[in-house]
Amino acid sequence: MEAGKVSDPDAPDVRKYASGQALRLIVNALYTNREQKEVILGELVLDPKVTNLAPAGNPVKATVLDCVNDEKWLEHKASGGLANDEPGGKHRTTATVERTAEGWRVSSFLLDKAGTC
């Protein structure tokens, strides 16, 4: 979330918490925002729930379900003011989190359209 405030695709925390498809999506969005001179400001509300662990005895992968609320986490022009008139919303989100040598990382996620939860 901090990387979005300054549109920094090289922020170290991005790679600390994401890998694979999730990392590519986040980094690409940050590059796009930086090129368009946009930042993301406000509050993102998360309430994740683990819905599956695999294998059960010694998990290396988890499925996480959330209703991501970005109603107050919006794109702004770096110079000030909203970048567009698109409202935020509540998005059903399913993520896969995998254990790596460095720790747990979100490896993929699907963020459904606003209003899905």
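Before any of the text, the structure's been laid out above.
Report follows, based on the coordinates. (Residues numbered from 1 in each chain as written. Predicted model: local features only at pLDDT ≥ 70, side-chain atom pairs only at ≥ 80, totals over all residues. Heavy atoms only, no water.)

Along the chain, His 76 turns up in strand E3 (residues 61-77). Taking relative accessible area as the criterion, His 76 reaches 17% and is therefore assigned buried. From its side chain, His 76 meets the backbone oxygen of Leu 74 in a polar contact 2.9 Å long. What His 76 contacts, discounting residues up to four positions off in sequence, is Lys 37, Glu 38, Val 39, Leu 41, Gly 81, Leu 82 and Ala 83. (Helix = DSSP H or I, 4+ residues; strand = E, 2+ residues; numbered from the N terminus. Buried < 20%, exposed > 50% of the residue type's maximum accessible area, 1.4 Å probe, protein only. Polar contact = N/O pair within 3.5 Å; in protein donor to acceptor, adjacent residues only side chain to side chain. Contact = heavy atoms within 4.5 Å.)

Bringing the state of the cysteines into the picture now. This structure, assessed with the given rule, holds 1 disulfide. Two residues, Cys 67 and Cys 117, share a disulfide whose sulfurs are 2.0 Å apart. Taking the sign of the S-S torsion, about 90° here, the bridge from Cys 67 to Cys 117 comes out right-handed. Of this pair, Cys 67 sits in strand E3 while Cys 117 sits in the segment after strand E5 (103-111), and the two are 50 residues apart along the sequence. (Disulfide = S-S within 2.5 Å.)

This brings us to the nonpolar core. Of all hydrophobic cores here, the largest spans 8 residues; its members are Ala 3, Ala 11, Val 14, Ala 18, Ala 22, Leu 23, Val 27 and Leu 30. Considering every element that reaches this core, the biggest residue donor is helix H3 (residues 20-35), with 4 residues. (Core = buried A, V, L, I, M, F, W, Y, C linked by side-chain atoms within 4.5 Å.)

In this structure, the largest pocket encloses a volume near 1,600 Å³. Met 1, Ile 26, Leu 44, Trp 73 and Phe 109 are the residues nearest the centre of the largest pocket, which is lined by 43 residues in total. Where the lining of the largest pocket is concerned, the elements lending two or more residues are helix H1 (2-6), helix H2 (12-17), H3, strand E1 (38-45), E3, strand E4 (90-100) and E5. Residue composition of the lining of the largest pocket, grouped by class: 28 nonpolar, 8 polar and 7 charged. (1 Å grid on protein atoms, 1.4 Å probe; cavity = no way out; pocket = protein on both sides within 12 Å on 5 of 7 lines; lining within 4 Å. Points joined across faces, edges and corners; volume = space filled by probe spheres on them. Nonpolar A, V, L, I, M, F, W, Y, C, P; charged D, E, K, R; others polar.)

Now for the pairing of E5. Bridge count for E4 against E5 is 8 bridges, and the pairing is antiparallel. For Val 97, the partnering residue across the bridge sits in E5 and is Val 106. Connecting the antiparallel pair E4 and E5 is a turn made up of 2 residues. (Pairing = 2+ DSSP bridges.)

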